[in-house]
Amino acid sequence: MLTHEPSLPRRLAMTIRRNFGFVPCSMMLLAAALPCLAAAAGRNAAQGAPPAAMAASTEKKPLSTRVVAYNITAKLDPQKHTIDASETLTYRNLTGQPQQTFPFHLYLNAFQPQSTFMTEVRLYGTRGTSSDTDWDNKHYGSETVTRFEVEGMGDLTDKMQFIQPDDHNTNDYTVFQVTLPKPVAPGASVTFRMEFKDVMPEVVERTGYKRDFFMVGQWFPKVGVWWKNQWNCHQFHATTEFFADFGTFDVNLIVPQNEVVGAGGDLIGTANNSDGTKTFTFHSEDVHDFSWTASPDYTDVEDSWTGSAGEVKIHVLLSPGNMASAPRYVKTLKGTLSLYDQWIGPYPYDRITVVDPPHGGIAAGGMEYPTLITAGTAWFMPKGLRIPEVVVEHEFGHQYWYGMVATNEFEEAWLDEGINSYLEVKMMAAMYGPQTSMLNFPFAQEGDLESQRTSYLSDPDYDPLTRFAWQFVGNNSYGGVTYGKTATVLLTLDNLLGEEKMREVMHEYFLRYRFTHPTGEDFLKTIEDVSGQNLRWYFDQAVYGTNILDYEIDKADSDRVNWWEPEKSAKTSDKHQLYRTYVRVHRKGDFIMPVDVKVTFDDGSSAVEHWDGRDRWIRYTYEKNAQLVSAEVDPARKILLDRNLFNNSYTVDEDKRAIHKLRNIWTFASEWLSQLLAWFT
Amino acid sequence: MDSRSKPFGSGARLVWRRQRALWWVFLFNLALALIGTRTLVQDASGVLNHSLESSRRLVHGFDVSVFTELGALPEDPFRATNAPFFWTPILFTIFMLFMTGGILTTYYDDLKLDTASFFESCGRHFWRFLRLLIYFGIAMIPIGILASICGKVYNHIDDLSVSPYTAPASGVAAILVLLLLLLSVRFWFDIAQVIAIADYEKRMHKALRLSAKLVWRDFGSLFWLYLRISVVAWLVFAFGLYVWMMWLKPESTRLAFVVSQLLILWWLGTRLWQRASGIEWYKDHQELQAVAEARAPIPPPAPVEEEEEVVVGA
């Protein structure tokens, strides 16, 4: 997910009102729809028998350890904004021990005013929503399981129990658990059958509808992950994303016949139904989620790209007015596919779908799901503003960092968002130039690197990278640290280890951990393994710590050695005059880092010193027939974590051009504002 | 019709002839802006002037992240500049309220007033124009309400329309209507100020009433006059901004300063051009009225008794 697209004219899509009470949604089933579906699909979806095409495809060697097999049939009612569905989930108990209690996510229940999600939004806001916004009923969402059966154990609907493992908020209904009458043995499978109804909110936090557009994400009851010898099934929080096991998805979507549908799966077949609906059948494997979208207004721009793992079909589902962004999306997507293929590893899926949300629906934009990503643009998007590009690059990157290397987004968000942001900087620079990868106008530029670096500067020392996502001090710190600081930490490491070595690191990390759930330590150990260096000193401060890094040239000057003698005039100045030059470097922050210091003299010579950076300060003294011109810490600009790059250097002569430029703008703005106000007199 | 089209050109010539007023106002505006940004310049100078980083990122281009970075520094140079940056425009507004009487008198008389007469006129009209400003605020209320309604309608259209163009198109139309309304209110009050100067009218509500009558009677010509100047002002301003942003080299800070100040001077000049044209328009109106009065049928003289004829030398 991308939370910090600069200058994107995002519309606030969500409001909160305190006095709204929780209303349990009605228990409607899709009984009427099922016969039609069964007829259309040629099978009984509720029985979960796979179609022939799917059965053939599953014969391929699985890429992942498939823990779950979801079989879902869902019918969309575009007028009521509801989805009636049935789900069959077969869970393989690979936990190595008997399992009797199973937790499930019901993410859509977060969009209720008393939920933990909304309580946290009210506290510190979240993406696109400030804390002081009011509740609006149109953002109400719910996910109600109306029937819960376990094969061989009967109807256990009464056994469903909401739990709140993170904050004990009894008004939060985003997780429920069921204790089975008897445990599931290690290695055995259990099949859950559920019927559920979704009430979709108007787009909020990645999902929902806007007019006739639907982005349906996190929409079905999803089982938790057995991880670190316990169930990992967190409530849905304002700053958290998702975590799930790999498996297969067979999904039948029943929608009105005028809908254009896109989904995170291969389209196996379509069939028109007699009631004016159409059934789309999708299959997906070695993924851990399934999302889909529908709108009658989409234009499907198709393309393809071929990489080391074969051909990838590209679908860009464009909303009205955004056709001009199609080539921008496609160009960036192909460029990113190529760079990932070259640098990191093969993209093993045969498809990628880009969903372009319509105007007013941007809250659904900038999100990743397996083989389906949501982008973001506007009809007036200038070419120099690379929002469509950076969103597509970022969200596609998540196919690797979240999609395949499936880290826990609740607990270690830096591993997907941060690593992805680091590679986003590298790839955007490779495609659009390092200085202009975010903004490229004759009068203003910005590189993605600077954008990421500055994003964490406002709250740099509240939270370490490793904090659980919902335990950050606020949304700003979460975004700045998880995305910006992680990217900067890795970019600094990139400079220290070398670009090639860091590329090897990322390649190795991907190969080692694709289709698994690695931890932060797994990533850090991979860096040490590949680089052959012990980097604990760096990780302890940059990853696990909140230390601020700030080195400065504190004082620098040249003085005549024979200072007590009268100074000669310029005309008679002595070439052999000896000067004593002092350069003092100060470590302002608590972050200790070895640094280089370059001192340049007016005879063209220079000296480069290496300081271990441990003490609070160091002074270098030179006696030369030359005076100081400049002194600079980290002249190669490797240490991007340095909070203040301006104090890294000191020049004896003033250069006022920068300040003149700023003053021009400021003066003009002040005069213009004055005249606007004086217009009223 | 000749007399009606004249104010556009004669107004511009009047501003040119009496350009001293323009320069003084411009210089005052510049001086206030320099004062308002002084703290920023001082504080930012401390960060930028001796740093190699600033020339890397600001001189040979303009890296906008520098703003974020400077703002995130503990010594945040932008924080200190906030207050003066916002009160100097208020000071300038008060200054303009004071100066308007003198400037309009200069324009109306088309004479170089001595300093004493100029400021005497400024002082004489200050409180009157302040009252007019209050009335102007009241006149803004319905426009503000209309703007608020337009905003809600815009949101509603944006919410319902599948096409992303419908709402912006209606928004642009609404903005144009609002701007034209604002323009109309502005020249109504401008003419009221002229009446206060020309007719020594002390009662501003009466000046407003008279102005409203005049404007209502000849709305088209005055509207067209103001609209033309506004359009010319915006076109040249936009072109100047384009030159500044797109043509000038990033390193040309001096030239950029000149261009930016020319833009400000132009903007100020066009506002005075509107005021001068309003005066010319009003003078035309006075002339027309005088001619009309001169042409009015003379009532027949009252019958007088015949005087006794004196015959000389009979």
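Residues numbered from 1 in each chain as written. Chains lettered and ligands numbered in written order. Predicted model: local features only at pLDDT ≥ 70, side-chain atom pairs only at ≥ 80, totals over all residues.

Remarks on the overall build of chain B
Within chain B, the regular secondary structure consists of 11 helices and 0 strands. Shown N-terminal to C-terminal, the secondary structure of chain B runs as helices and strands in the order α-α-α-α-α-α-α-α-α-α-α. Compactness check: chain B gives a C-alpha radius of gyration of 27 Å against a globular reference of 20 Å for 314 residues, more than 25% above the reference. Once the C-alpha set of chain B is aligned to its principal axes, its extents read approximately 115 × 55 × 35 Å. Taken across its 314 residues, chain B has 32% of its residues classed as buried. Considering only intrachain contacts with a sequence separation of at least 6, the fraction spanning at least 24 residues in chain B is 74%. (Helix = DSSP H or I, 4+ residues; strand = E, 2+ residues; numbered from the N terminus. Rg over C-alpha atoms; globule rule 2.2 N^0.38 Å. Buried ≥ 20, exposed ≤ 12 C-beta atoms within 10 Å, placed from the backbone. Contact = placed C-beta atoms within 7 Å.)

Side note on the sheet that holds strand E1 (residues 68-77) of chain A
Read across the open sheet, the 8 strands follow the order E5-E4-E8-E2-E1-E14-E17-E16 (chain A); overall the sheet is mixed. Edge positions in the sheet fall to strand E5 (154-155) and strand E16 (266-272) of chain A, since each has one partner strand and no second. (Pairing = 2+ DSSP bridges.)

Concerning the confidence of the model for chain A
For chain A, the mean per-residue pLDDT works out to 90, and 90% of the residues sit at or above 70. Residue range residues 3-58 of chain A is modelled with pLDDT below 50. Its contacts to residues more than four positions away, or to other chains, number 119 contacts. (pLDDT = per-residue confidence, 0-100.)

Comments concerning the pairing of strand E29 (residues 606-611) of chain A
All names here are of chain A. Summarising the sheet, strand E28 (residues 595-601) and E29 pair through 6 bridges and their orientation is antiparallel. Each residue of the ladder has a partner; that of Val-595, found in E29, is Trp-611. Where E28 folds back onto E29 in an antiparallel hairpin, the turn is made up of 4 residues, including Gly-604, whose phi is positive at roughly 90°.

A look at the sheet that holds strand E30 (residues 617-624) of chain A
The strands that make up a sheet are held in pairs by hydrogen bonds between backbone atoms, and each pair lies either parallel or antiparallel. Residue and element names in this part refer to chain A. Taken in spatial order, the 3 strands line up as E26-E27-E30 in an open sheet, and their pairing is antiparallel. Only two strands of the sheet have a single neighbouring strand rather than two, namely strand E26 (551-560) and E30. Direction aside, neighbouring strands of the sheet carry axes that sit 15° apart on average. Where E26 lies against strand E27 (residues 579-587), 9 bridges are found, and the strand directions are antiparallel. Bridging across to E27, Arg-560 finds its partner in Tyr-579. (Axes fitted to C-alpha atoms, helices over the stretch in contact; angles between N-to-C directions.)

Notes on the interface of chain A and chain B
In this assembly, 53 residues from chain A lie in contact with 60 residues from chain B. Counting only elements with at least two residues in the side of chain A that touches chain B, the list comes to strand E25 (445-446), helix H7 (448-455), strand E31 (628-633), strand E32 (649-651) and helix H12 (657-678) of chain A. With 19 residues, H12(A) is the single largest residue contributor to the side of chain A that touches chain B. Along the lines of polarity and charge, the residues of the side of chain A that touches chain B split into 21 nonpolar, 20 polar and 12 charged. (Nonpolar A, V, L, I, M, F, W, Y, C, P; charged D, E, K, R; others polar.)

Overview of the pairing of strand E8 (residues 189-199) of chain A
Looking along a regular strand, one sees side chains alternate from face to face of the sheet. Residues and elements named next belong to chain A. Within E8, 8 of the 11 residues are buried, which leaves the element mostly enclosed by the surrounding structure. Pairing between strand E2 (residues 82-92) and E8: 11 bridges, direction antiparallel. Opposite Ser-86, over in E8, you have Glu-195 as the bridge partner. Pairing analysis gives 8 bridges linking strand E4 (residues 142-150) to E8, with the strands arranged antiparallel. Residue pairing across strands places Val-145 opposite Phe-196, the latter belonging to E8.

Looking at the nonpolar core
One broad rule of soluble globular proteins: the nonpolar side chains tend to lie buried together. Of all hydrophobic cores here, the largest spans 175 residues; its most connected members are A:Phe214, A:Leu253, A:Val354, A:Ala631 and B:Ala44. Here the element with the most residues in this core is helix H6 (residues 413-432) of chain A; it accounts for 10 residues. Once you skip the residues sitting within four places of it in the chain, A:Leu253 turns out to touch A:Ala74, A:Val261, A:Ala263, A:Thr279, A:Phe280 and A:Trp292. B:Leu32, B:Leu104, B:Tyr107 and B:Ala207 belong to the second-largest nonpolar core, a separate cluster that totals 50 residues. (Core = buried A, V, L, I, M, F, W, Y, C linked by C-beta atoms within 7 Å.)

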